[in-house]
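Residue strings, one per chain:
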Amino acid sequence: MKAVVIGGGTMGAGIAHLLLANEHQVWLVEADAERANAGFLGVKASLHRAEAKGKLKDRDADELLANLTVAEPPADAELVIEAVPENVPLKQKVLGFAAEKCPDAILASNTSSLSISEIAAGLPGERVLGMHFFNPVPVQQLVELVHHEGVDPANVAKARTWAEEMGKTVIEVRDSPGFATSRLGVAVGMEAIRMLEEGVASAADIDTGMKLGYRWPMGPLELTDLVGLDVRLAIAEHLAAELGPRFDPPQLLRDKVAQGELGKKTGQGFFSW
Ligand SMILES: NC(=O)c1ccc[n+]([C@@H]2O[C@H](COP(=O)([O-])OP(=O)(O)OC[C@H]3O[C@@H](n4cnc5c(N)ncnc54)[C@H](O)[C@@H]3O)[C@@H](O)[C@H]2O)c1
């Protein structure tokens, strides 16, 4: 299949890696030549890491990389996936460009929180859907397939088949704030923070409770540290605005973000790293 990835940052490079490792041809589109080169090097590094770990089966990283082109998308592309920053007008702009260049392609957004219906407005909506990958893309099993009212169900079925053929497990979600994963993940994370705030248990004990009692691979507070407290606060604020006060972020989360305790990336969150 000929696929186009728009945006070669963390997620775009991972998506390109996944497509290449599954024998697809990939066109990478970036904002300018310098960032295109950085995106190309990101994909290359990712494929070489996988090769070193024996994850490419019998394939050679450089051989797969030969199927990556940094150029304008071809007219006969079947799938376009955008992974540009989280901003509706920007996503509309890049998908609008792809819609014209690739008249038959499915136009997928990797947004983790924006409304697919909103992104689809002004675009050929029957071709637009959400394909929400998780970081790191080559490793994480899940793809959340998000559909809005105007999408052609045949396109949802095609996107599901491609994702499954690349070894992913698909869940289908109606376009709604936070989709399925962020909404539930943030709800549990916020409640864990409120419990800490109320002195119900220590951070370590709250996490151990969920790991040993419910077989979670990681506790909700450790996960918040990994995602970034600032990132989670922004998602909670978005969900509170869309779904109501049950998603209002706890004061403790606001305080920690204000103090610069953003989790693993700053060395301090609910735990010290
Ligand atoms: N990082 C994650 O864990 C994660 C997980 C799931 C979904 N997402 C979503 O994926 C998307 C991308 O996130 P990311 O973390 O990869 O961001 P990132 O900042 O690492 O990458 C974004 C890339 O888009 C490029 N870009 C900007 N404007 C462009 C344009 N006009 N044309 C082409 N390229 C352009 C940038 O140069 C950059 O390389 C966001 O919508 C985000 O919400 C992120």
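All values derive from a computational prediction rather than experimental measurement. (Residues numbered from 1 in each chain as written. Predicted model: local features only at pLDDT ≥ 70, side-chain atom pairs only at ≥ 80, totals over all residues. Heavy atoms only, no water.)

Comments concerning the site of the ligand
- The local shell around the ligand holds 23 residues, among which Met 11, Glu 30, Glu 86, Lys 91 and Ser 112 are the closest.
- With respect to the ligand, the backbone of Ala 31 contributes an N or O atom lying 3.5 Å from a nitrogen atom.
- A distance of 3.3 Å separates an oxygen atom of the ligand from a polar side-chain atom of Arg 35.
- Protein burial of the ligand: of its 840 Å² of free accessible surface, 75% is covered by the chains.
- For the shell around the ligand, the secondary-structure elements that each account for two or more residues are helix 1 (10-21) and helix 4 (88-101).
- Examining the composition of the shell around the ligand, we find that three residues originate from one element, helix 4, more than from any other.
- Residue classes in the shell around the ligand are distributed as ten nonpolar, nine polar and four charged. (Near = heavy atom within 4 Å. Polar contact = N/O pair within 3.5 Å; in protein donor to acceptor, adjacent residues only side chain to side chain. Areas by Shrake-Rupley, 256 points an atom, 1.4 Å probe, with all protein chains shown as cover. Helix = DSSP H or I, 4+ residues; strand = E, 2+ residues; numbered from the N terminus. Nonpolar A, V, L, I, M, F, W, Y, C, P; charged D, E, K, R; others polar.)

Quick word on the UniProt feature "domain: 3-hydroxyacyl-CoA dehydrogenase C-terminal" (unreviewed entry) in the protein chain
- When the UniProt feature table is mapped onto this chain, "domain: 3-hydroxyacyl-CoA dehydrogenase C-terminal" (unreviewed entry) is found at residues 178-273.
- Split by type, residues 178-273 is 62% helix and 0% strand. Its first and last C-alpha atoms lie 28 Å apart. (UniProt positions renumbered as here; feature names shortened; annotations may be inferred.)

Overview of the pairing of strand 6 (residues 128-132)
- The buried fraction of strand 6 amounts to five of the five residues, a majority that puts the element mostly inside the structure.
- A two-sided burial pattern is seen for strand 6, the buried positions comprising Val 128, Gly 130 and His 132 on one face and Leu 129 and Met 131 on the other.
- Examined bridge by bridge, strand 5 (residues 106-109) and strand 6 share three bridges and lie parallel to one another. Residue pairing for strand 6: Ala 108 is matched across the bridge by Leu 129.
- Where strand 6 lies against strand 7 (residues 142-147), three bridges are found, and the strand directions are antiparallel. Bridging from a neighbouring strand, Met 131 pairs with Leu 145 of strand 7. (Buried < 20%, exposed > 50% of the residue type's maximum accessible area, 1.4 Å probe, protein only. Pairing = 2+ DSSP bridges.)

Thoughts on the domain arrangement of the protein chain
- Taken domain by domain, the protein chain comprises domain 1 (2-174) and domain 2 (182-264).
- In this structure, domain 1 and domain 2 have C-alpha centres spaced 29 Å apart. (Domains from an automatic or database assignment.)

A word on helix 9 (residues 220-227)
- Burial in helix 9 covers these residues: Pro 220, Leu 221, Thr 224 and Asp 225. Angularly, the buried residues of helix 9 cover 145° about the axis, an arc narrow enough to put them on a single face.
- In this structure, the buried residues of helix 9 make contact with helix 7 (181-197), helix 8 (203-214) and helix 10 (229-243).
- At the C-terminal side of helix 9, Gly 228 shows a positive phi close to 110°. (Arc of directions from axis to C-beta. Contact = heavy atoms within 4.5 Å.)

Topic: helix 4
- Helix length check: helix 4 (14 residues) gives 20 Å between terminal C-alpha atoms against 20 Å at 1.5 Å per residue, within 8%.
- Among the residues of helix 4, Val 88, Lys 91, Val 94, Leu 95, Ala 98 and Ala 99 are the ones counted as buried. Projected down its long axis, helix 4 carries its buried residues within an arc of 145°, all on one side. Exposed side chains of helix 4 directed beyond 90 degrees from the buried face belong to Pro 89, Lys 93 and Glu 100.
- Where the residues of helix 4 are buried, they touch strand 1 (2-6), strand 4 (79-82), strand 5 and helix 5 (116-120).
- The opening residue of helix 4 is Asn 87, an N-cap whose side-chain oxygen sits 2.9 Å from the backbone nitrogen of Leu 90. (Expected span 1.5 Å × (residues − 1).)

Overview of the packing of helix 1 against helix 2 (residues 33-52)
- Viewed as axis vectors pointing N to C, helix 1 and helix 2 meet at an angle of 55°, and their least axial separation amounts to 9 Å. Of the possible angle classes, the one that applies to helix 1 and helix 2 is oblique. Judged by the sense of rotation from one axis to the other, the crossing of helix 1 with helix 2 is right-handed. Along the contact surface, helix 1 presents Ala 13, Ala 16, His 17 and Leu 20, while helix 2 presents Gly 42, Val 43, Ser 46, Leu 47 and Ala 50.
- Residue composition of the contact of helix 1 with helix 2, by class: six nonpolar, three polar and no charged. (Axes fitted to C-alpha atoms, helices over the stretch in contact; angles between N-to-C directions. Parallel < 35°, antiparallel > 145°, perpendicular 65-115°, else oblique. Left-handed = near helix turned anticlockwise from the far one by under 90°.)

Topic: unusual backbone geometry
- Pro 136 follows Asn 135 through a cis peptide bond whose omega is -5°.
- Mapping Pro 136 onto the fold places it in the loop between strand 6 and strand 7.
- Backbone geometry places Glu 23, a non-glycine residue, at a positive phi of 70°.
- Relative to the elements of secondary structure, Glu 23 occurs in the loop between helix 1 and strand 2 (25-29).
- Overall, Glu 23 belongs to the partly exposed group, its relative accessible area being 45%.
- In the Ramachandran plot, Arg 215 falls in the positive-phi region, its phi being about 60° despite a non-glycine side chain.
- Along the chain, the position of Arg 215 falls in the loop between helix 8 and helix 9.
- Exposure remark for Arg 215: the relative accessible area of 76% places this residue in the exposed category.

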